[in-house]
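Each chain, written out:
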Amino acid sequence: MRFAARVALETVSANTWKARALAEKNAATSLIAMLALARVGGATASEEVFAALDKFPLSTLPDRLRIQKLRVIEVAVSRNGKPSAAAIQKNIADVDAVFPGSSFELTTEMSQILAAFNAETVVEKTLRLMAQSKIYEEQFAYRYNLRSVTVGWTPEARRTYFQFFNECNHEEQ
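It should be emphasised that the depicted structure is a prediction, and the values quoted were computed from it without experimental measurement.

Colleague: Tell me about the packing of helix 7 (residues 104-116) against helix 8 (residues 122-132), and name the residues and values.
Modeller: What describes two packed helices is the angle between their axes and the distance between those same axes. Between helix 7 and helix 8, whose axes approach to 10 Å, the crossing angle comes to 150°. As far as their axial angle goes, helix 8 and helix 7 are roughly antiparallel. Judged by the sense of rotation from one axis to the other, the crossing of helix 7 with helix 8 is left-handed. Contacts from Thr107, Ser111, Leu114 and Ala115 of helix 7 reach helix 8 at Val122, Thr126 and Leu129. Along the lines of polarity and charge, the residues of the contact of helix 7 with helix 8 split into four nonpolar, three polar and no charged.

So, in structure tokens, the structure goes:
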């Protein structure tokens, strides 16, 4: 039902519903509207989307809504580019406060956002998650998220990151 409502919203000019979407107080409804606005509102609506998301800290949301909020952030960045430095810092603080999450799906989304925003803590925390995981796909996903992070690296962290690829290469020979 929510998916159909979002798709219907996206077919109407965002100018007709944007104000109502930005003012919505119910988290579930707001996140669906913010996703629609992130998809069709363009760069001009991007900062408004990030400001509206501030009303719903991840620490106050159940996991299903956390995932939705994280996806709104990802879509907003993917469609409209990174937000202002102030919005980036707010999002880093919001995500980092609950990272890692209660599931791999939630944790990898958080890791991806922290990495995209070049958060100082993402390398250390994500490398710790990689070490704890015994599942190849999870380890690879975490490494993939870290591929473009430019802060938070120590020589030991770099060795840990690249050791996996060296081990994979030796196994193939």
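Colleague: Talk me through a nonpolar patch on the surface; I want residue IDs and the actual numbers.
Modeller: Together, Tyr136, Phe140, Tyr144, Phe162 and Phe165 give the surface a local cluster of nonpolar side chains, amounting to about 510 Å² of exposed area. For the nonpolar patch, the elements supplying multiple residues, two or more each, are helix 9 (136-146) and helix 10 (155-172). A total of three residues in the nonpolar patch trace back to one element, the largest contributor, which is helix 9. Mapped onto the fold, Phe165 is located in helix 10. Classification of Phe165 by relative accessible area gives partly exposed; the value is 32%.

Colleague: An account of the packing of aromatic side chains is requested, with residue identities and associated values reported.
Modeller: Within the structure shown, the criterion is met by four aromatic pairs. Ring geometry for Tyr136 versus Phe140: centroids 6.2 Å apart, planes at 25°, classification stacked. Pair noted here: Tyr136 and Phe140 are both in helix 9, with a separation of four residues, about one helical turn. By relative accessible area, Tyr136 is classed as partly exposed at 45%.

Colleague: Explain the side chain of Ser111 to me, using residue names and the numbers behind them.
Modeller: Topologically, Ser111 is positioned in helix 7. Look at Ser111 and you get buried, because its relative accessible area is 0%. At 3.3 Å, the side chain of Ser111 forms a polar contact with the side chain of Thr126. Ignoring sequence-local partners within four residues, the contact set of Ser111 consists of Phe99, Val122, Thr126, Tyr142 and Asn145.

Colleague: Tell me about helix 7, and please be specific about residues and values.
Modeller: With 13 residues, helix 7 should cover 18 Å at 1.5 Å per step; its first-to-last C-alpha distance of 18 Å lies within 8% of that length. Within the span of helix 7, buried status applies to Leu106, Thr107, Thr108, Glu109, Met110, Ser111, Ile113, Leu114 and Ala115. Structurally, helix 7 contributes buried residues whose contacts are with helix 5 (63-80), helix 6 (85-96), helix 8 and helix 9. Phi turns positive one or two residues past the end of helix 7, at Asn118, with a value near 60°.

Colleague: Could you give an account of the packing of helix 3 (residues 27-40) against helix 4 (residues 43-53), with specific residues and numbers?
Modeller: For the pair helix 3 and helix 4, the least separation of the axes is 10 Å and the interaxial angle reads 165°. Accordingly, the angle class assigned to the pair helix 3 and helix 4 is roughly antiparallel. Along this stretch, helix 3 crosses helix 4, giving a crossing that reads as left-handed. Residue-level contacts link Leu31, Met34, Leu37 and Ala38 of helix 3 to Ala45, Val49, Ala52 and Leu53 of helix 4. Classifying every residue of the contact of helix 3 with helix 4 gives eight nonpolar, no polar and no charged.

Cut-off values and rules
- Residues numbered from 1 in each chain as written.
- Predicted model: local features only at pLDDT ≥ 70, side-chain atom pairs only at ≥ 80, totals over all residues.
- Heavy atoms only, no water.
- Axes fitted to C-alpha atoms, helices over the stretch in contact; angles between N-to-C directions.
- Helix = DSSP H or I, 4+ residues; strand = E, 2+ residues; numbered from the N terminus.
- Parallel < 35°, antiparallel > 145°, perpendicular 65-115°, else oblique.
- Left-handed = near helix turned anticlockwise from the far one by under 90°.
- Contact = heavy atoms within 4.5 Å.
- Nonpolar A, V, L, I, M, F, W, Y, C, P; charged D, E, K, R; others polar.
- Patch = residues over 30% accessible without salt bridge, like charges linked within 9 Å, V, L, I, M, F, W, Y side chains within 5 Å.
- Areas by Shrake-Rupley, 256 points an atom, 1.4 Å probe, with all protein chains shown as cover.
- Salt bridge = Lys/Arg side-chain N within 4 Å of Asp/Glu carboxyl O.
- Buried < 20%, exposed > 50% of the residue type's maximum accessible area, 1.4 Å probe, protein only.
- Phe/Tyr/Trp six-rings, centres within 6.5 Å; stacked < 30°, edge-to-face > 60°.
- Polar contact = N/O pair within 3.5 Å; in protein donor to acceptor, adjacent residues only side chain to side chain.
- Expected span 1.5 Å × (residues − 1).

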